[in-house]
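# Coordinate analysis (summary)
As a plain string of letters, each chain reads:
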Amino acid sequence: MTSPDPFAPRLPSPLQEVRDSRFGRHALRLLLKRDDLVHPDLIGNKWRKLVPNLAAAAGRPLVTFGGAYSNHLRATAAAGRLLGLPTTGVVRGQELAGRPLNPSLARCAADGMRLHFVDRSTYRRKTEPRTLARILRAAGAEDAYVVPEGGSNAEAVRGCRALGTELRGHADVVAVACGTGGTLAGLAAGLADGQRALGVPVLKGGFLEADVQALQERAFGARSGTWSLDDRFHCGGYARTTPELEAFAQDFEQRHGLPVERLYVAKLLYGLAALAQEGAFARGTTIAAVVTGRPFPEPGTAAPGR
């Protein structure tokens, strides 16, 4: 039976313990917070971030931003399809405009999203009011509700606070991979006293500390919760990988029967295993790793139009 609500989530998302010797030998418990199971189209933190923004949009068309492999663009396009709302995706990289769409952008287009490509210099300035106005005008989206890159704004951060409250009493450390920092900002605010959040950035640059604090200040008025970042595990930057990361992800999949998304989740788990080996966690610590997505395209599926 189909739910009358296309956004009906599975909440709280399941919490799954995995027995892994890389953690067990240090007397650590590893739990997976399966946010990848929250919703079939708006996976994990994308549901938590987008639903508050959709409420704020109040039926207006949506415009948002992302790179060529953006999970956020796909989720926004899916939301538009489910609600019958027009969506526009502003894509980083003017050079992509004349090329065949990759599977991620092809899925966006199949879900009805209009793609507007901009050069990288303009994209970096997209939050400047004059540049944003110029982009929206060129994209024909001047009347649309603007969702920022990665979906991270005050509405999204307040939506992600529920992720923290779902984990109260279940773990000492809750870890999440970070792109724009909105999930970490909300998660940390929802945890109980005595719990701490750890963010593992998947982009290089060391800019997230200030961004996460600014997001919390906009959402809650001040820094909230106990949180920190470890930026050693980005493996060269967004969508970059290394042979070591790929070997780790494949090994984790074989050990636990869980497909591991490479852009975020693999780097998170790889970082946690390295920290365990370094002795960064006290013996007896329970660690919850937030699984924010699943591989795309999923095993056994083909890209739209292929």
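Keep in mind that this is a model prediction, so the values were computed, not measured.

About the criteria used
Residues numbered from 1 in each chain as written. Predicted model: local features only at pLDDT ≥ 70, side-chain atom pairs only at ≥ 80, totals over all residues. Heavy atoms only, no water. Helix = DSSP H or I, 4+ residues; strand = E, 2+ residues; numbered from the N terminus. Rg over C-alpha atoms; globule rule 2.2 N^0.38 Å. Buried < 20%, exposed > 50% of the residue type's maximum accessible area, 1.4 Å probe, protein only. Phe/Tyr/Trp six-rings, centres within 6.5 Å; stacked < 30°, edge-to-face > 60°. Lys NZ or Arg CZ within 6 Å of the ring centre and 35° of its normal. Pairing = 2+ DSSP bridges. Axes fitted to C-alpha atoms, helices over the stretch in contact; angles between N-to-C directions. Parallel < 35°, antiparallel > 145°, perpendicular 65-115°, else oblique. Left-handed = near helix turned anticlockwise from the far one by under 90°. Contact = heavy atoms within 4.5 Å. Nonpolar A, V, L, I, M, F, W, Y, C, P; charged D, E, K, R; others polar. Core = buried A, V, L, I, M, F, W, Y, C linked by side-chain atoms within 4.5 Å. 1 Å grid on protein atoms, 1.4 Å probe; cavity = no way out; pocket = protein on both sides within 12 Å on 5 of 7 lines; lining within 4 Å. Points joined across faces, edges and corners; volume = space filled by probe spheres on them.

What follows concerns the overall build of the chain. Along the chain, the regular secondary structure elements total 11 helices and 10 strands. In terms of overall dimensions, the chain is globule-like: its C-alpha atoms have a radius of gyration of 19 Å, near the 19 Å expected for 306 residues. Its C-alpha atoms give the chain principal-axis dimensions of roughly 55 × 45 × 45 Å. Out of the 306 residues belonging to the chain, those deemed buried represent 52%.

To continue, consider the packing of aromatic side chains. Two numbers describe a pair of aromatic rings. These are the distance of the centres and the angle of the planes. Taken as a whole and assessed by the stated rule, the structure comprises five aromatic pairs. Measuring from centroid to centroid gives 5.6 Å for F248 and Y270, while their planes differ by 75°, and the two rings are edge-to-face. Of the two residues, F248 is situated in helix 10 (residues 243–256) and Y270 in helix 11 (residues 265–278); the sequence distance between them amounts to 22 residues. Joined through ring pairs, the aromatic side chains of F233, F248, F252 and Y270 make up one cluster. Above the ring of Y123, the side-chain terminus of R92 is found at 5.4 Å from the ring centroid.

This next bit is on the sheet that holds strand 2 (residues 29–33). With respect to topology, six strands assemble into an open sheet ordered 1-2-10-7-8-9, the strand pairing being mixed. The sheet terminates laterally at strand 1 (15–18) and strand 9 (227–229), the two strands that pair on one side only. Strand-to-strand twist of the sheet, defined as the mean angle between neighbouring strand axes without regard to direction, takes the value 25°. Where strand 7 (residues 173–178) and strand 10 (residues 286–290) come together, three bridges link them in parallel fashion.

Right, let's talk about the sheet that holds strand 5 (residues 114–118) for a bit. In space, the four strands of this open sheet follow the order 5-4-3-6, with parallel pairing throughout. A single partner strand is all that each edge strand has here, and the edge strands are strand 5 and strand 6 (145–146). Note that strand 4 (residues 87–92) and strand 5 share five bridges and pair parallel. What sits directly across from R92, in strand 5, is V118.

Okay, the packing of helix 7 (residues 154–166) against helix 8 (residues 182–190) next. Across the interface, helix 7 lies against helix 8 with an axial gap of 6 Å and an inter-helix angle of 50°. Comparing their axes, helix 8 and helix 7 come out oblique. For the element pair helix 7 and helix 8, the recorded crossing hand is right-handed. The residues of helix 8 that touch helix 7, namely those facing V157, C160, R161, L163, G164 and T165, are G182, T183, A185, G186, L187, A189 and G190. Looking at the contact of helix 7 with helix 8, its residues break down into six nonpolar, six polar and one charged.

We now examine the side chain of S70. You can see S70 is positioned in the loop between strand 3 (62–66) and helix 3 (71–83). Since its relative accessible area comes to 9%, S70 is described here as buried.

Describing two packed helices takes the angle between their axes plus the distance from one axis to the other. At their nearest, the axes of helix 2 (residues 45–57) and helix 7 sit 7 Å apart, and the two run at 135° to each other. Accordingly, the angle class assigned to the pair helix 2 and helix 7 is oblique. Considering only the axes of helix 2 and helix 7, their crossing is right-handed. Contacts between helix 2 and helix 7 involve R48, K49, P52 and N53 from the first element and E155, A156, G159, C160, A162, L163 and E166 from the second. Its residues assigned to classes, the contact of helix 2 with helix 7 comprises five nonpolar, two polar and four charged.

This part covers the nonpolar core. Membership of the largest hydrophobic core comes to 33 residues, with the highest contact counts inside it found for F23, L30, L32, F252, L269, L272 and F281. At the level of secondary structure, the elements contributing two or more residues to this core comprise strand 2, strand 7, strand 8 (196–201), helix 10, helix 11 and strand 10. With eight residues, helix 11 is the single largest residue contributor to this core. With residues up to four places along the chain from it excluded, the contact list for F23 reads L28, L30, L272, A273, A276 and I287. Membership of the second largest hydrophobic core comes to 22 residues, among which are V157, V174, L187 and L191.

Here the second largest pocket is characterised by a volume of approximately 220 Å³. If you trace the second largest pocket, you find 13 residues lining it, with Y69, R74, L263, F296 and P297 closest to the centre. For the lining of the second largest pocket, the secondary-structure elements that each account for two or more residues are helix 3 and helix 4 (103–110). Per-class residue counts for the lining of the second largest pocket are seven nonpolar, two polar and four charged.

The element strand 3 is largely enclosed, with a buried count of five among its five residues. Neither face of strand 3 is left uncovered, since the one carrying L62, T64 and G66 and the one carrying V63 and F65 both have all their residues buried. Direction of pairing for strand 3 relative to strand 6: parallel, over a ladder of two bridges. Paired with L62 across the bridge in strand 6 is Y145.

By themselves, these are just geometric observations and shouldn't be taken as functional.
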